[in-house]
There are 2 protein chains.
Amino acid sequence: MNNAPVGVFDSGIGGLTVVREIRRILPHENIVYLGDTARLPYGTKSVDVIIQYSLENMAFLLSRGAKYIVIACYSSTSVALEIVQQRCPVPVIGVIRPGVKRALKVSGSGKIGVIGTSLTIYSGAYEKVFHELSAGSEVIGRPCPLLVSLVEEGWLDHPATRLIVESYLKPLQEDGIDTLLLGCTHFPLLMEVFKKIMGTIQFVDASHEVSKELSRELERLDILSDASTGDLVIYLTDLSMNFKEIGERFLGEPMTNVSRVSLKKAGEGNKKA
Amino acid sequence: MNNAPVGVFDSGIGGLTVVREIRRILPHENIVYLGDTARLPYGTKSVDVIIQYSLENMAFLLSRGAKYIVIACYSSTSVALEIVQQRCPVPVIGVIRPGVKRALKVSGSGKIGVIGTSLTIYSGAYEKVFHELSAGSEVIGRPCPLLVSLVEEGWLDHPATRLIVESYLKPLQEDGIDTLLLGCTHFPLLMEVFKKIMGTIQFVDASHEVSKELSRELERLDILSDASTGDLVIYLTDLSMNFKEIGERFLGEPMTNVSRVSLKKAGEGNKKA
């Protein structure tokens, strides 16, 4: 047993979709969440910068006593997961591998579509994991950058959203995929639109898969919490005007314990603003 | 005469629409442009953070010898213009006032719509300048955050773009505005869609107005350049995957002289990466 918190970081508040699933599956775990809202989005930044920011986020979560770290950010997982794992004294999982495992399990044809931000798709991170786990699978990536803005604007069922989703997904449909993997924190909120347009194919929500993987890992390492109810503490590097409204859309519950924090480079310590 | 450069800064590369107009109106001026791409967008950040970043951008342009500074960023102009003007040894103009002046000049009814990011609109900066210059004007602001992403995606004439522009502008149309002021660097690229939807009203592109104002000011201060052709040097705090493709869309000419630069806090000096 170990009641230290699970640390989760993301470039912003989209990663709260992952926290939502962790809290559903592991209601006894304490969670410390760090959203690097002052520097979001990561998806438009260079690899070097994303690695640097990811290491700073890791250091912050360690300073808060994290026993296990979940990278809820797809951009960060795409380009920085291995280096964070190498430098981190506690185990680290990203959001890509658990989704890929599940997609390979549910796909009949092995023809799988992946949607995400441009960086996630063009980094080749998904292809790499797919081919590592199943040489015969065929992965078709499709960057869908506008969907992030649509979700943040709250236009989950606007006619323009359906039109944009159609534009993005039509090529995947024509390619005959039988499984669609959602490779971005924001996309679970568009599941209804995806289903309307893509019909009866399989959908894989990686937020759910990473939470199941975390559950198995905490059990295997014998570090599950026995707290009666898990606390959630949220740190953001900047508090924007409407972070609460958008954040609660992702988290699915009120955001009660939120603080702004300034990040220092690893080793310098962090101070709460 | 003074051949020192005009300094222009923005949170990203959208401000190159302002540079494009400056180069059209003032082809002999040397220009140093700073795009803070590592920390964009500013529109989702808090006022304190935007002020801090704006002062750092100012310090960088001064270190490059700027004789005059143009804040091409609407978020920065909205909340940081006055403090930058107070701390800056050379004159500074923002993108808001020149557009407001022009809108008041061309509007018959004084009923004027302004579109921009959420921060620009909700900051109240436009209302403040409008009422300062004309107490009787009626300004109706409308945040249009999705339009930024649509322009960056290059969907300038997609059916979804028309649908989204319609959703945003319909309330302004119903309110009977006779003039629409574009309060965001990205919006001049959507002018055709705006015209199709809004019909025969007047449009004010602040990128053009700020360049005319700059021209008058350089002449008044007798610091116009007499270089045979003006150079453009571009510094970005991060070079993302597709910055060149998107940047050239804004600038309207090839981006030839681009360097990555690391910003230090004012007083620490800057180093080119």
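Please read all numbers here as calculations on a predicted model, not as lab measurements. (Residues numbered from 1 in each chain as written. Chains lettered and ligands numbered in written order. Predicted model: local features only at pLDDT ≥ 70, side-chain atom pairs only at ≥ 80, totals over all residues. Heavy atoms only, no water.)

Caption draft 1: Here's a closer look at the overall build of chain A. What chain A contains, in helices and strands, is 11 helices and 11 strands. Over its C-alpha trace chain A gives a radius of gyration of 18 Å, about what one expects of a compact globule, namely 19 Å for 273 residues. Considering only C-alpha atoms, chain A reaches an extent of 50 × 40 × 40 Å along its principal axes. Counting contacts in chain A only where the partners sit at least 6 residues apart, residues at least 24 apart contribute 75% of the total. (Helix = DSSP H or I, 4+ residues; strand = E, 2+ residues; numbered from the N terminus. Rg over C-alpha atoms; globule rule 2.2 N^0.38 Å. Contact = heavy atoms within 4.5 Å.)

Caption draft 2: Spatial organisation of the nonpolar core. Within the largest apolar cluster, 142 residues are counted, with the highest numbers of intra-cluster contacts made by Leu147(A), Phe194(A), Leu147(B) and Phe194(B). With near-sequence residues (within four places) excluded, Phe194(A) lies in contact with Ile115(A), Leu147(A), Val165(A), Leu169(A), Leu182(A), Phe187(A), Gly199(A) and Phe203(A). (Core = buried A, V, L, I, M, F, W, Y, C linked by side-chain atoms within 4.5 Å. Buried < 20%, exposed > 50% of the residue type's maximum accessible area, 1.4 Å probe, protein only.)

Caption draft 3: View of the pairing of strand E8 (residues 202-205) of chain B. Relative to E8(B), strand E7 (residues 179-182) of chain B runs parallel, the two being bridged by four bridges. The residue of E8(B) that forms the bridge with Leu182(B) is Asp205(B). (Pairing = 2+ DSSP bridges.)

Caption draft 4: Quick peek at the environment of Ala80(A). All names here are of chain A. Counting through the fold element by element, Ala-80 comes out in helix H3 (residues 74-87). In this structure the C-alpha to C-alpha distance between Ala-80 and Leu-181, which are 101 residues apart in sequence, comes to 21 Å. Excluding residues within four positions of it along the chain, Ala-80 makes contact with Ile-50, Ile-51 and Ser-54.

Caption draft 5: Region of the structure containing the side chain of Ser78(B). Residues and elements named next belong to chain B. Checked against the element boundaries, Ser-78 lands in helix H3 (residues 74-87). Assessed through its relative accessible area of 14%, Ser-78 is described here as buried. A polar side-chain atom of Ser-78 sits 2.7 Å from the main-chain carbonyl oxygen of Tyr-74. Beyond its immediate stretch of four places on either side in the chain, Ser-78 contacts Ile-96, Thr-120, Ser-123 and Ala-125. (Polar contact = N/O pair within 3.5 Å; in protein donor to acceptor, adjacent residues only side chain to side chain.)

Caption draft 6: Geometry of the sheet that holds strand E6 (residues 138-143) of chain B. Residues and elements named next belong to chain B. The strand order across the open sheet built from four strands is E6-E5-E7-E8, with neighbouring strands paired in parallel fashion. Edge strands, defined here as strands with exactly one partner in the open sheet, are E6 and E8. The average angle at which neighbouring strand axes cross in this sheet is 20°, direction not considered. The pairing of strand E5 (residues 111-116) with E6 spans six bridges and is classified as parallel. Considered in E6, the bridge of Ile-115 is made with Arg-142. The strands touched by helix H10 (residues 206-220) within the sheet are E7 and E8, with E8 carrying the most contacts at an inclination of about 60°. (Axes fitted to C-alpha atoms, helices over the stretch in contact; angles between N-to-C directions.)

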